[in-house]
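# Inside the fold
Here are the chains, one letter per residue:
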Amino acid sequence: MLKELFPFEYAESVFAIDYKKLYAKGYRGVIFDIDNTLVHHGEGSTPEVDELFKEIHAAGLKTLLLSNNEKSRVEMFIKNIDTLYICDADKPSPKGYLKAVKKLGLKKSQCVCVGDQIFTDILGANRAGLASILVKFIQMPDEMRIGVRRYAEYGLLWAWRRIPTLRHRIGDIYNEGAGNFWSRDILFCNISPFTYAISETKEKLKRYLHDFMGHDKFSVIRTKKKLKNLVSEHSNTLIKKGKGIDPVLQENKAVNIALACSKIDGMVIRPGEVFSFWRTVGSITEKKGYKSGRIIADNKLTPGLGGGLCNLGNTIHLLVLHSPLEVVEFHSHSDALAPDGDKRVPFSSGTSVCYNYIDYRFRNNTDQDVQLCLWCEDGKLRGELRSKKPFPYTYEIVEEDHHFSKEDGVFYRISKIYKVTKDKATGKVVDKVLVRDNHSEVMFDYDLIPKELIR
């Protein structure tokens, strides 16, 4: 009985399946569920789904929709799709599946069932002796709650992944670049926005507890008076323009950065103290004036509250890299969010911050006070790292072997970035440390990648 609850394969979506590969493996018919498998519950078909069925038929496969819905629902869905269907199927009863096989005019061994629910689609297919593919159910971005059965499915998938004889029973069925979903970890945080919120709260609490029980002394003193010596400085344009860049999100980013700068500007970090981005800036809320800017979520650029603060974190990181200060916490994202412009700046982006568990921190490991000065002026974010007196060394960021490369249809920026330390008196290099082995997915329009840098 338990074996009947496990799918033969697990795909990220119906679009991740290579139907030509199914044909090559001897399958001639695909039996689909509709709701939350092909489209969100109750919705009509989409142009993408209509085209998918044409591709499946072109691959030599017959299709049939097997649904527990009434006839009116099914007929509304197939307005632009030429396919067989059975409604009121009474899944997970095997009767509907066996009826589907007969209607397709095929043998059971020639049919595969695709659905999003273990306790209906997969259980029914397995009971009828058919191969089954479970796909991740379609969920709307604002849909926080999921049914109890979804959590039970998560437990079953966790067990399924760890029993080699139950998974990968069909073999490679995936489109190029889709990957074998069965080989990935199925994380609790990825089940739904609700479970993600639980996981995020857990990480925040862990951070609070770690800081409470730790021995680090954090910087808290700010002053308007600047320290005398300029250690390093950096500036960059706040509002980027170009193909595919939303100007409203850019304007909002500028607002977010200005608000955060007002919390950091003038911060003095004494010897032995640690600067924490989030302990200084605080939480990000609409009440404080923060707006929706660009953030990276699921490896995609998307709107999100406080978007753009990674830009500020990266500016601080560049200031610190050009100093003797010690970076104690750093998280990275893509260093290819936008085209480089006239001149390539190594580490022009790439620092990730997210309240409060993805932090940027550095320690003042010198014998004198240092100061962070950050402000917005004339459309630019400006930053300075200052000290009471000069340090005996100079620091430079050097990038080597910078180029772009295409891997499985995706472009990446590739390079090695070093921090070079030179003796100020002699100019001799005293140290060269790799600070990033860069392999960043390109997040901007591929047409804007310099052709001469593609290998």
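We now turn to the structure provided with this report. As the structure is a computational prediction, the values presented were derived from the model and not from experiment.

We now examine the side chain of Thr83. You can see Thr83 is positioned in the loop between helix H3 (71–77) and strand E4 (84–86). In this structure the side chain of Thr83 is engaged in a polar contact, spanning 2.7 Å, whose partner is the side chain of Thr63. Setting aside its immediate chain neighbours within four residues, Thr83 contacts Phe53, Thr63, Leu64, Leu65 and Ile78.

Under the defined criterion, the tally for this structure stands at 2 cavities of 30 Å³ or more. In this structure, the largest cavity occupies an estimated 60 Å³ of space. Taken together, 13 residues line the largest cavity, and the ones lying closest to its centre are Ile31, Tyr97, Cys113, Val114 and Asp121. When contributions to the lining of the largest cavity are tallied by element, the ones reaching two or more residues are strand E2 (29–32), strand E5 (111–115), helix H5 (118–127) and strand E6 (131–135). The element that contributes the greatest number of residues to the lining of the largest cavity is E5, accounting for 3 residues. Roughly 30 Å³ of internal volume is contained in the second largest cavity. His210, Asp211, Gly214, His215, Asp216, Phe218 and Arg361 together form the lining of the second largest cavity. Residues belonging to the lining of the second largest cavity are distributed by class as follows: 1 nonpolar, 3 polar and 3 charged.

Now for the sheet that holds strand E7 (residues 221–222). One open sheet accounts for 5 strands, arranged E7-E9-E15-E16-E8; its pairing is antiparallel. Both edges of this open sheet fall to E7 and strand E8 (229–237), since each of them pairs with a single strand only. Relative to strand E15 (residues 370–377), strand E9 (residues 267–269) runs antiparallel, the two sharing 3 bridges. Along E15, the bridge assignment pairs Ile269 with Val370. Sitting on the sheet, helix H8 (residues 247–264) is in contact with E7, E9, E15 and strand E16 (380–387), with an inclination near 150 degrees to E15.

The rules behind each value
- Residues numbered from 1 in each chain as written.
- Predicted model: local features only at pLDDT ≥ 70, side-chain atom pairs only at ≥ 80, totals over all residues.
- Heavy atoms only, no water.
- Helix = DSSP H or I, 4+ residues; strand = E, 2+ residues; numbered from the N terminus.
- Polar contact = N/O pair within 3.5 Å; in protein donor to acceptor, adjacent residues only side chain to side chain.
- Contact = heavy atoms within 4.5 Å.
- 1 Å grid on protein atoms, 1.4 Å probe; cavity = no way out; pocket = protein on both sides within 12 Å on 5 of 7 lines; lining within 4 Å.
- Points joined across faces, edges and corners; volume = space filled by probe spheres on them.
- Nonpolar A, V, L, I, M, F, W, Y, C, P; charged D, E, K, R; others polar.
- Pairing = 2+ DSSP bridges.
- Axes fitted to C-alpha atoms, helices over the stretch in contact; angles between N-to-C directions.

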